[in-house]
Amino acid sequence: MSIRWIRNVNVDGKATTLEVLLGDKSIADKCYVRLNQEEERWFRPESDNREAILQQGIDMLKNRLQGKNVLGSNGSAFPWH
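Here we summarise the structure given alongside this text. Here the structure is a predicted model, which is why all the values come from computation and not from measurement.

### Structural notes on the sheet that holds strand S2 (residues 14-23)
Backbone hydrogen bonds are what pair the strands of a sheet, in a parallel or an antiparallel way.
Working step 1: Strand order across the open sheet formed by five strands is S4-S3-S2-S1-S5, with antiparallel pairing between neighbours. Looking at the sheet topology across the chains shown, the edges are occupied by strand S4 (41-43) and strand S5 (70-72). Here the average twist between neighbouring strands, direction ignored, is 30°.
Working step 2: Note that S2 and strand S3 (residues 27-35) share five bridges and pair antiparallel. Across the sheet, Glu-19 pairs through a bridge with Arg-34, a residue of S3.
Working step 3: Across the sheet, helix H1 (residues 50-64) is in contact with strand S1 (4-11), S2, S3 and S4; its angle to S3 comes to roughly 25°.

Structure follows, in structure tokens:
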């Protein structure tokens with residue numbers, strides 16, 4: 001019963017998939033972020049609130065991609081929320 005937030009974007013002109021896993025068997029039990037098919041970067045959520053965990057994962061991805069041009073798959077600015 002995992003919950004995943006997955007978005008397809010372009011990072012510096014390359015098609016890229018962003019993923020945040022919010023839990024494996026229950027919310028907040030196992031969480032990770034991943035770009036494309038790279039290894040997962042597991043993290044301990046700061047709460048068991050779904051929106052807070054998602055925001056924590058998104059912030060991790062934003063930090064990882066800082067300085068890169070991230071666009072939506074349609075070429076517009078990617079809305080991180």
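### Observations concerning the packing of aromatic side chains
Working step 1: Tallied over the full model, the rule gives two aromatic pairs.
Working step 2: Here the aromatic rings of Tyr-32 and Trp-42 are separated by 4.9 Å at their centres, their planes lie at 75°, and the arrangement is edge-to-face. On the criterion of sequence distance, the pair formed by Tyr-32 in strand S3 and Trp-42 in strand S4 is long-range, its members being 10 residues apart.
Working step 3: Of the residues examined, Tyr-32 reaches a relative accessible area of 3% and is grouped as buried.

### Considerations on H1
An α-helical turn contains 3.6 residues, so any two residues separated by three or four positions project in the same direction.
Working step 1: Along its 15 residues, H1 runs 21 Å from first to last C-alpha, staying within 8% of the 21 Å computed at 1.5 Å per residue.
Working step 2: Where H1 is concerned, the buried positions are Ile-53, Leu-54, Gln-56, Gly-57, Ile-58 and Leu-61.
Working step 3: Buried residues in H1 make contact with S1, S2, S3 and S4.
Working step 4: Of the residues that open H1, the one with a side-chain oxygen 3.0 Å from the backbone nitrogen of Glu-51 is Asn-49.

### A closer look at the pairing of S1
Working step 1: Two strands pair when backbone bridges link them, and S1 and S2 are joined in this way by eight bridges, in the antiparallel orientation. Paired with Val-11 across the two strands is Lys-14, which belongs to S2.
Working step 2: What sits between S1 and S2 in their antiparallel hairpin is a turn of two residues, with Asp-12 showing a positive phi close to 50°.
Working step 3: Strand direction decides the pairing type here: S1 and S5, joined by three bridges, are antiparallel.

### Structural notes on unusual backbone geometry
Working step 1: Positive phi, normally seen in glycine, also occurs at Asp-12, with a value near 50°.
Working step 2: Positionally, Asp-12 belongs in the loop between S1 and S2.
Working step 3: Of note, Asn-36 is a non-glycine position whose phi angle comes to about 50°, a positive value.
Working step 4: Relative to the helices and strands, Asn-36 is located in the loop between S3 and S4.

The rules behind these values
- Residues numbered from 1 in each chain as written.
- Predicted model: local features only at pLDDT ≥ 70, side-chain atom pairs only at ≥ 80, totals over all residues.
- Heavy atoms only, no water.
- Pairing = 2+ DSSP bridges.
- Helix = DSSP H or I, 4+ residues; strand = E, 2+ residues; numbered from the N terminus.
- Axes fitted to C-alpha atoms, helices over the stretch in contact; angles between N-to-C directions.
- Contact = heavy atoms within 4.5 Å.
- Phe/Tyr/Trp six-rings, centres within 6.5 Å; stacked < 30°, edge-to-face > 60°.
- Buried < 20%, exposed > 50% of the residue type's maximum accessible area, 1.4 Å probe, protein only.
- Expected span 1.5 Å × (residues − 1).
- Polar contact = N/O pair within 3.5 Å; in protein donor to acceptor, adjacent residues only side chain to side chain.

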